[in-house]
Structures are given as C-alpha cells and as structure tokens.
Amino acid sequence: MAKSRFEYVRDFELDDRCLPNCWLVVRIDGHSFHRFSEIHHFAKPNDDRALQLMTYSAQSVMDEYKDIILCYGQSDEYSFVFKKNTKLFCRRASKLMTNVVSLFTSTFVFTWSRYFSTQDLKYPPSFDARTICYPSDQNLKDYLSWRQADCHINNLYNTCFWKLVQEKSLSPAESQARLKGTLSSDKNEMLFTEFNINYNNLPEIYRKGTILIRQKKNEESETFTSITSSNTQPKKCLPRILTLNVDMIANKFWTEYSYLLER
Ligand code: DGT
Ligand code: MG
Ligand code: MG
Ligand code: MG
Ligand code: MG
C-alpha cells in the first residue's frame, strides 16, 4: 500500500510495550465513586448490587481475554492479572488497559438494570485504568495482598463509621473524629462492645473482596460439559470461573491454587 506523506506522524507514538516475562496487572477504579455511590443511593458501607455488578463486569472481561489468570475486586476497583508471557496487544500497556477498562465500563452500564432494578442510572459512570508490570511471583502476591489489606482496612473503618452515624446518630464529622487515631483492635472492640458485632463474622465478601480464577485444567474435564434444558447434547463450556472470597495474604491460597502461577 502506498504511503502518504502524512505517514511520518506515526513516529510520534511512543513504544509502551511492557517488559517481557513479567506479570501484567491492569487495575481499573471508579471515577469519583464517592459521588456516584451517593447519587445512586448505594447501601452503606457495602451495596450488594454494586458488588455483584462489578464482579459480573469483571467476569465479562475475563471471558473475553483468556490470558487473564486472576481478577481481584473490592469497592469500586478491579485488578486483572495477565499471564507472564501474554502476547496480547504485543504487551502494549495502553492497548491492554484501554480494552479492559472500556469493556468493563460498557458491561457495567449495559447490565446495570439487571442488578439495580429499582434504581435508574443517572449519568454515565467512568473508570480509570493503569497497567503495572511485576517481575517476580512475590511482587505479584504482595500487590494482591496490598489490595486485600486495603479492602480490610477500609471495610473495618467504614463499618464503624456508618454504625456510629446510623445507630448512634453521630454526624459524619463526629463519627470521623471519634475514629481518628484508633487502631484496628480499638475498632474491633468498639463493634463488639457498642454494637454487638463480631467483625470476623461479617460476610467474607465485604472483608476479603472477590477473587475470580479459572478452574484447573484437569478439574475442568470432569465438569467441562453442561446439559442445557433446551438441548440434551452436552454443551462445550469454557473453563469454569470460580468466585472466591478468601484470604490471599497467607500462603494457604497460593499453595491450594499453585497452578495459577505455573508456567
Ligand atoms: P477517585 O477514584 O479518585 O476518582 O475517587 P473515588 O471517589 O472513586 O474514591 P475511591 O476510589 O478512593 O473510593 C471509592 C468510593 O466509592 C468511596 O467513597 C466509597 C464508594 N463506594 C464503593 N463501593 C461502595 C459501596 O458498596 N457502598 C457505598 N456506600 N459506597 C461505596
Ligand atoms: Mg482515588
Ligand atoms: Mg474510585
Ligand atoms: Mg477505589
Ligand atoms: Mg483499529
């Protein structure tokens, strides 16, 4: 094909291919979800509809991009881990994150009414995205531990904050002042003595966030087929995606699902 004289402008595009042999993580995060959650009357501190819609949207991304080995979500964010040797989009950071975040966002909007049946979507939400390269397995585990620790810290704080506002009639400012400088142990104690809540008994989805992984290959073969009601022929399914709300900080998870980091 003949080149036009304008072709040279291509040279202004920067090469943003990620380093080889590194885990690639794309994290998306809701833009101004403090406002979005207020306007859409999200339950406080955790809205099950919102959490389910986030996870459904993440699952649609995982369905589309087979090189994603694990997703982790909490609050208004989701992280997508691509296998170390992925060749997707020539490992270009901008291609990876824009394709992930736009599919995530369009699915979020497209599917909104399924989860929020009594709440209209008032304006189009958006999400930011970044791509990060992690050279070692330990770096990747530490990244995921960091996000999960963030989930726990925020959830403990928010649980206390909203209990004080909703059940002790403190103003948001008073509740904030009351919690200022408190340690985790103080917050656990407050929940127990003042609200009769054992924090560790709250649903794991709130305390741990949500992990999506693919079932191990040889486990798939046994559960790989499903019979649909309209058709008695076994239907070929994709490797099943497991949804977990478990701890990833201790080694147990990585021992149990060691195949995730293999190859
Ligand atoms: P950003 O990310 O810098 O554009 O700003 P935000 O406002 O999105 O801040 P971020 O991402 O640090 O915090 C997430 C906000 O979303 C936070 O204000 C709490 C809110 N949010 C997320 N999930 C829920 C939920 O299930 N219920 C309620 N009530 N709020 C939620
Ligand atoms: Mg932020
Ligand atoms: Mg946000
Ligand atoms: Mg966030
Ligand atoms: Mg094109």
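Scroll up to find the structure.
Residues numbered from 1 in each chain as written. Chains lettered and ligands numbered in written order. Predicted model: local features only at pLDDT ≥ 70, side-chain atom pairs only at ≥ 80, totals over all residues. Heavy atoms only, no water.

1. Some remarks on the coordination of the magnesium ion (ligand 3)
Put simply, the ideal angle at a metal is 109.5 degrees for four donors in tetrahedral geometry and 90 or 180 degrees for six donors in octahedral geometry.
Right, so step 1: Around the magnesium ion (ligand 3), the protein contributes the donor atoms D29 (OD), G30 (O) and D76 (OD), at 2.0 to 2.1 Å from the metal centre.
Right, so step 2: Classification of the site at the magnesium ion (ligand 3) as octahedral follows from its 6 donor atoms and the range of 81 to 179° in their angles at the metal.
Right, so step 3: In primary sequence terms, the donor set of the magnesium ion (ligand 3) follows D-G-x45-D.
Right, so step 4: Here the magnesium ion (ligand 3) and the magnesium ion (ligand 2) are spaced 4.8 Å apart. Of this pair, G30 sits in strand β1 (residues 23–30) while D76 sits in the loop between β2 (68–74) and β3 (77–82), and the two are 46 residues apart along the sequence. We note that G30, like D76, is buried. (Donors = N, O, S within 2.8 Å, 3.2 Å for Na, K, Ca; no water. Tetrahedral: all angles 85-135°; square planar, octahedral: opposite > 155°, others 65-115°. Helix = DSSP H or I, 4+ residues; strand = E, 2+ residues; numbered from the N terminus. Buried < 20%, exposed > 50% of the residue type's maximum accessible area, 1.4 Å probe, protein only.)

2. A look at the packing of helix α5 (residues 137–167) against helix α7 (residues 184–195)
Packed helices, taken two at a time, are described by the angle their axes make and the gap between the axes.
Right, so step 1: At a closest axis distance of 10 Å, the pairing of α5 and α7 adopts a crossing angle of 35°. Between α5 and α7 lies a crossing of left-handed hand. The segment α5 lies against α7, with H152, L156, Y157, T159, C160, K163, L164 and E167 engaging S184, K187, N188, M190, L191, E194 and F195.
Right, so step 2: For the contact of α5 with α7, the class distribution of residues is 7 nonpolar, 4 polar and 4 charged. (Axes fitted to C-alpha atoms, helices over the stretch in contact; angles between N-to-C directions. Left-handed = near helix turned anticlockwise from the far one by under 90°. Contact = heavy atoms within 4.5 Å. Nonpolar A, V, L, I, M, F, W, Y, C, P; charged D, E, K, R; others polar.)

3. Notes on the site of ligand 1
Right, so step 1: Close to ligand 1 lie 15 residues, the nearest being D29, S32, F33, H34 and D47.
Right, so step 2: Residue A43 places a main-chain N or O atom 3.0 Å away from a nitrogen atom belonging to ligand 1.
Right, so step 3: One nitrogen or oxygen atom from the main chain of P45 is found 3.1 Å from a nitrogen atom belonging to ligand 1.
Right, so step 4: Surface burial for ligand 1 is 66%, taken as the share of its 620 Å² of free accessible area covered by protein chains.
Right, so step 5: Secondary structure elements with two or more residues in the shell around ligand 1: β1 and α1 (33–39).
Right, so step 6: No other element matches the 3 residues that α1 contributes to the shell around ligand 1.
Right, so step 7: For the shell around ligand 1, the class distribution of residues is 4 nonpolar, 7 polar and 4 charged. (Near = heavy atom within 4 Å. Polar contact = N/O pair within 3.5 Å; in protein donor to acceptor, adjacent residues only side chain to side chain. Areas by Shrake-Rupley, 256 points an atom, 1.4 Å probe, with all protein chains shown as cover.)

4. Some thoughts on the environment of T107
Right, so step 1: Among the secondary structure elements, T107 is positioned in helix α3 (residues 93–110).
Right, so step 2: Residue contacts for T107: discarding those within four places in its chain leaves Y56, S57 and S60.

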